[in-house]
Structure formats: C-alpha cells, structure tokens
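Read off the chains here:
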Amino acid sequence: MHAHRSAQHWLVRSPWRSSLLIFLVAFGVRLFLLTKVPHEYVIPHTRWEMEAVAVSLAQTGQFADPYALPTGPTAHLPPVLPGILGLIFRVFGLTLVAGYVAWLLRIAICSTMYAMMPWLAGRLGIGRPAGLLGGLAGAFMARWPGHGEALSAIALALLMVAFLRRWTSAGSSVAGSLLLGLAIGVAFHVQPVLLPVILGCVAFEVWWSKDRRKWKLTSVMVVGAVLACLPWGLRNYRTFDAVFFIRSNLGLELRMGNHEGAAAAMDLMDMRDEPRHPRTHVEEARLVLERGEVGYMRQAGREALGWIRRHPADFLQLTGERVVHFWFGPLHRPLGALAVTGLTILALLGAWLTLPALTLPQRSALLIPVGTFPLIYYVLPYMFRYREPVNWILLMFAGAAVVYWIGGRSAGAGRAKAGRSGLPTAPLT
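Heads up: these notes are all about the structure in this document.

About the thresholds
Residues numbered from 1 in each chain as written. Predicted model: local features only at pLDDT ≥ 70, side-chain atom pairs only at ≥ 80, totals over all residues. Heavy atoms only, no water. Helix = DSSP H or I, 4+ residues; strand = E, 2+ residues; numbered from the N terminus. Rg over C-alpha atoms; globule rule 2.2 N^0.38 Å. Buried < 20%, exposed > 50% of the residue type's maximum accessible area, 1.4 Å probe, protein only. Axes fitted to C-alpha atoms, helices over the stretch in contact; angles between N-to-C directions. Parallel < 35°, antiparallel > 145°, perpendicular 65-115°, else oblique. Contact = heavy atoms within 4.5 Å. Nonpolar A, V, L, I, M, F, W, Y, C, P; charged D, E, K, R; others polar.

Looking at the overall build of the chain
Point 1. Along its length, the chain carries 21 helices and 0 strands.
Point 2. In terms of C-alpha radius of gyration, the chain reaches 22 Å, essentially the compact-globule figure of 22 Å for 429 residues.
Point 3. In terms of overall dimensions, the chain has a C-alpha envelope of 65 × 55 × 50 Å along the principal axes.
Point 4. Expressed as a percentage of its 429 residues, the buried residues of the chain come to 54%.

In structure tokens, the structure reads:
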C-alpha cells in the first residue's frame, strides 16, 4: 500500500509527469488503431465535408466545395481545422503521406486533450488525482476523428481556466481582457457552438465581479471577440452578401433533425438514406448551386421551423429523446449507451462529492459549460461525437468519485486543495 501511494504521489506531484504518461498512452492506443484503418480512408479524399474543403484549399486555395457537386465557396464548416488540413495537403500533396500526417495531427490533438486533464483538474479545484484517472480513462476512448471536437475541447478547457483566473484574481487589466476576447473569437472559429458557454460566463462575471470597472473590462473582452471574428465575417459577407455567425448551415442541421419521419439519432436516419443533405444527395447539391448556399440553408431552416410549428408534440418528443441520447448514449446501441450512462452516473456522483467544497467561481467554471454547451444539440439530430468537447469535465468528476472510493485524497478538498494547486480563491475586489 505504501509503495502504491508513493507511486501515486510521484505521478500527481507534477502535472507534466502525469500528462506525459496520459499522452503516451492515448497516442499509442490511437496509433495502433490507425494501422487498422484502410488506406482509402487515410489518403486525402472528398467523401466528407471536412476533407473535401481541405482538398479544395490545397488544390485551388478556395474554402469551397464541401458537397456532392462543386458548389463554390462555403461557410458550412468553421475555418480552423479545414485550414490546417488544407495546409498539410498542400505541403505533402494529395498523397498517403499527407493523409498519415493529417491523421497523426488529429491523434496528437486528441491525446493532448486528455493529457491536459491533471493540470486542468488542479486548476479547477477537483484535484490532480481525479484528472489523472479521468485522463487515463479518456486515453483508451479512441474513436474515428470527427469535425474537430478534440480541438474544441482544448479551446473550451483553456477558456474556462482563463475565466476562473479572471474571476478569482485580485483584478483584471484592459490588455488581459482584450487578449481573452481575442482568444474567445479564435475559439469560435474552431467551434461556434461555444457561444452559449461564453454568454453564460459573461453573465456570471458581470454578476460576480466586485471590480468597479467590470462593465468596462467585460466590454473590452467582447470587443476583442468581435475583432477576432471580423476577418471571417467580412469574407462571408463579401462572398455570400449575408451576415451570419461563423457557419452558414444551421438551417440545414435543424431540418435534418426535424422533418416528417425524423429520428432522434442521425445514424438511424442514415440507414434510411435520410435526411436530405447536399453532401450525400446530388439533387440537394444542385439546389445549393441554384439558390446559393445561404439561400439553400435559409430555405431549409424555414422548412424545419414550419414542420415544428405544425408538429409541436413530435418536436418535443424528439427533443426529449435527444436530451436522453446526449447524456445516456444512443439507446439503439446498448453497449454504447451503457458506457455513456456509466460515465454520466459516475460523473454525477463525483460532482455531488466535489462541488460543495469548491468556491462558487470554481463551480461555475465547471457547470456553465455542462449546462449551456449541449443546448443546440437538443434540437439537432444526435451524433455520438457531439459530447466530446465537454467529456473532459465528466471524466474529471468521474475520476473524483473513484479517488473518493479508493481512499485517496477526498474528491472535495476545498480551498486548501485549490491553494495547493496554485489557484487563488479570493473574489475580485
């Protein structure tokens, strides 16, 4: 037992040591699985929107053509990850080497997300042992690369640490507020669904802060976010003669989840070759060509809202099913649902043990993302990958429950633990 505790202490004493262990495990697991992926899915291709846009960037320099037919410039995706992949494809060509470089980059991003968890758990007050256990669990949760969910998780985690430091430090500066705003704007270009999380954090900051300059500092932060969004916004306005927030495709996504015969989960509809999407249906891609991307998306949104108005009971039922899927997994896939449900229940237990001992800013930094990030996904068709940007919080809470059970440091060590991890606990004055 003494040797076990000494090893645990050696691992958690330095977040960098435990992070390196998690990174190597996560990278190794995913690298092994990559050897099992057929080459046709590794070499650059145009089967999916992300890769199609990256190929267009590499070949023509245009952020364009995500659909079944060439349809011209697009804002279907946020620009950061397709831009990175496009640069890789341009440097290495549309070759198998380029495909492997892109896959290894995504594997490294995902591994970094889990490797950050001991440090994050210390900064947010849950404790490094919980972050170590949660990170190791996540290291084995390998899945097919999505649309940048791991990068979104990293962005969200860093923003929550920055907000918590802002809420608990002796004061904030104009320069720091501007830099945080710029970082928020960049994060929106990774995942615009972070917007409700940021609005929740801003609302808490205005209520919590005792700094008389709070309105000025918060306004500077908002200005920074707007400035960071301006270049992409201007590109979209000049290209489409329309104003929208980062992505153009909300109407399409809403229609995919809300139409006659819709199911709560996307893969159930995929089995029936539903719903209509210009990536998979050539006739829909032709409509994008005829109407323009923004016109097509707006029409899709009108169709979805019209169906919702005509079928409010069906919409509420679908919404309820999507909430259940988000937190308890795809019920039509029992093994997947069992794993997701187990993590959710364990995280709830860890939160119950941990939260009472944390300060209000610490609780807010953990709960605001969990409460606000999923909101848009309750009205869109469920996909397994949608929860990944907040899974690190659930894994930390689950790790805290396990730490409590095995008799290590209490999952809630309160202010003393926060102080030991270097986190100030005094509110702004």
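A closer look at the packing of helix α9 (residues 149-168) against helix α11 (residues 195-208)
Point 1. Contact geometry of α9 with α11 gives a least axis separation of 11 Å together with a crossing angle of 5°. Relative to α11, α9 is oriented roughly parallel. On α11, the residues touching L156, L159, M160, F163, R166 and W167 of α9 are V197, I198, C201, F204, E205 and W208.
Point 2. Considering only residue class, the contact of α9 with α11 consists of 10 nonpolar, no polar and 2 charged.

Some words on the side chain of S364
Point 1. Checked against the element boundaries, S364 lands in helix α19 (residues 360-372).
Point 2. Taking relative accessible area as the criterion, S364 reaches 10% and is therefore assigned buried.
Point 3. When neighbours within four sequence positions are excluded, S364 is seen to be in contact with W167, F204 and P369.

Notes on unusual backbone geometry
Point 1. Residues other than glycine seldom take positive phi values, yet D241 does so here, at roughly 55°.
Point 2. Residue placement: D241 occurs in the loop between α12 (214-240) and α13 (250-257).
Point 3. A residue is classified by how much of its surface remains accessible, and D241, at 60% relative accessible area, is exposed.
Point 4. Non-glycine residue I246 carries a positive phi angle of around 65°.
Point 5. Tracing the chain through its elements places I246 in the loop between α12 and α13.
Point 6. Residue I246 is classed as buried on the basis of its relative accessible area of 4%.

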